[in-house]
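Here is what each chain is made of, one letter per residue.
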Amino acid sequence: MKKEKGEKRAFPRGKLLRPLVYTIAGLSQKGYISDLSKGGCHLYIYSDESFPLEIPFEIELRLENFQDPIQVQAKAVREGPFLYQPYPESPQDINREIGIQFLLVTERDNEWIRRYC
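Because the structure is predicted, anything quoted here is derived from the model rather than measured.

1. A closer look at the pairing of strand β2 (residues 27-34)
1) Next: Summarising the sheet, strand β1 (residues 18-24) and β2 pair through seven bridges and their orientation is antiparallel. From the neighbouring strand, Val21 faces β2, where its bridge partner is Lys30.
2) Next: The turn joining β1 and β2, which pair antiparallel and follow one another in sequence, is formed by two residues; a positive phi near 55° is taken by Ala25.
3) Next: Of the strand pairs in this sheet, β2 and strand β3 (residues 40-45) are connected by three bridges, and their pairing is antiparallel. Residue pairing in the sheet places Ser34 in a bridge with His42 of β3.

2. Here's the deal with the side chain of Ser37
1) Next: Here Ser37 is to be found in the loop between β2 and β3.
2) Next: Separated by 3.1 Å, the side chain of Ser37 and the backbone nitrogen of Gly39 make a polar contact.

3. Considerations on the nonpolar core
1) Next: Counting residues in each nonpolar core, the largest one holds 23 residues, and the members touching the most others are Tyr22, Phe57, Ile59, Ile100 and Phe102.
2) Next: If you list the elements that add at least two residues to this core, you get β1, β3, β4 (57-61), β5 (70-84), β6 (93-105) and α1 (107-116).
3) Next: Ranked by the residues each element gives to this core, the list is headed by β5, at four residues.
4) Next: Those residues within four positions of Phe102 in sequence are excluded, and the remaining contacts are Leu36, Ser37, Lys38, Gly39, Gly40, Cys41, Ile59, Val72, Gln73, Ala74 and Ile113.

4. Examining a nonpolar patch on the surface
1) Next: A surface patch of nonpolar side chains, about 360 Å² in accessible area, is lined by Leu17, Tyr32 and Tyr46.
2) Next: Looking at the secondary structure, you find Tyr32 in strand β2.

5. Observations concerning the packing of aromatic side chains
1) Next: Per the counting criterion, the structure on display carries three aromatic pairs.
2) Next: Judged by centre distance (6.2 Å) and plane angle (75°), the rings of Tyr22 and Phe57 are edge-to-face. With Tyr22 in strand β1 and Phe57 in strand β4, the pair connects residues that are 35 residues apart, well separated along the chain.
3) Next: For Tyr22, a relative accessible area of 5% puts it in the buried group.
4) Next: Grouped by ring-pair contacts, the aromatic residues Tyr22, Phe51 and Phe57 constitute a single cluster.
5) Next: Its end group placed over the ring of Trp112, Arg108 keeps NZ or CZ at 4.3 Å from the ring centre.

6. A look at empty space enclosed by the protein
Using a probe with the size of a water molecule, rolled over the atoms, empty space left in the structure can be pinpointed.
1) Next: Enumeration over the complete set of coordinates arrives at one cavity of 30 Å³ or more.
2) Next: In this model, the largest cavity occupies a volume close to 40 Å³.
3) Next: Lining of the largest cavity is provided by Ile33, Leu36, Ile59, Leu61, Ile70, Val72 and Phe102.
4) Next: Counting only elements with at least two residues in the lining of the largest cavity, the list comes to β4 and β5.

7. A few points about α1
1) Next: Regarding α1, the residues found buried are Asp109, Asn110, Trp112 and Ile113. Buried residues along α1 cover an arc of 160° about the axis, so they all sit on one side.

Calculation criteria
- Residues numbered from 1 in each chain as written.
- Predicted model: local features only at pLDDT ≥ 70, side-chain atom pairs only at ≥ 80, totals over all residues.
- Heavy atoms only, no water.
- Pairing = 2+ DSSP bridges.
- Helix = DSSP H or I, 4+ residues; strand = E, 2+ residues; numbered from the N terminus.
- Polar contact = N/O pair within 3.5 Å; in protein donor to acceptor, adjacent residues only side chain to side chain.
- Core = buried A, V, L, I, M, F, W, Y, C linked by side-chain atoms within 4.5 Å.
- Buried < 20%, exposed > 50% of the residue type's maximum accessible area, 1.4 Å probe, protein only.
- Contact = heavy atoms within 4.5 Å.
- Patch = residues over 30% accessible without salt bridge, like charges linked within 9 Å, V, L, I, M, F, W, Y side chains within 5 Å.
- Areas by Shrake-Rupley, 256 points an atom, 1.4 Å probe, with all protein chains shown as cover.
- Salt bridge = Lys/Arg side-chain N within 4 Å of Asp/Glu carboxyl O.
- Phe/Tyr/Trp six-rings, centres within 6.5 Å; stacked < 30°, edge-to-face > 60°.
- Lys NZ or Arg CZ within 6 Å of the ring centre and 35° of its normal.
- 1 Å grid on protein atoms, 1.4 Å probe; cavity = no way out; pocket = protein on both sides within 12 Å on 5 of 7 lines; lining within 4 Å.
- Points joined across faces, edges and corners; volume = space filled by probe spheres on them.
- Arc of directions from axis to C-beta.

Given below as structure tokens:
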């Protein structure tokens, strides 16, 4: 995949929206992942609190057509709120969008991510 002009990503990203479980400080939470690549992804969670940057945590993700979950160690490199309003008359929820960098990925999981993308 060719980089677009001004694109800073080192790896191509595959579009998806899949649920995942992340564990930080021993507490597991659910979220959603999008824009998966060998180097990282975007994580979306429901929270009105900031997500801690640079603290390693674990992600478990199940991809379509892959039997076993992918498990990686990661860190947040940027985060911020975004407003989600599923339909015009619904109340707005304050959520977090988090840029994730993968720190430790097994060879098997790295290959699965490469094939998915």
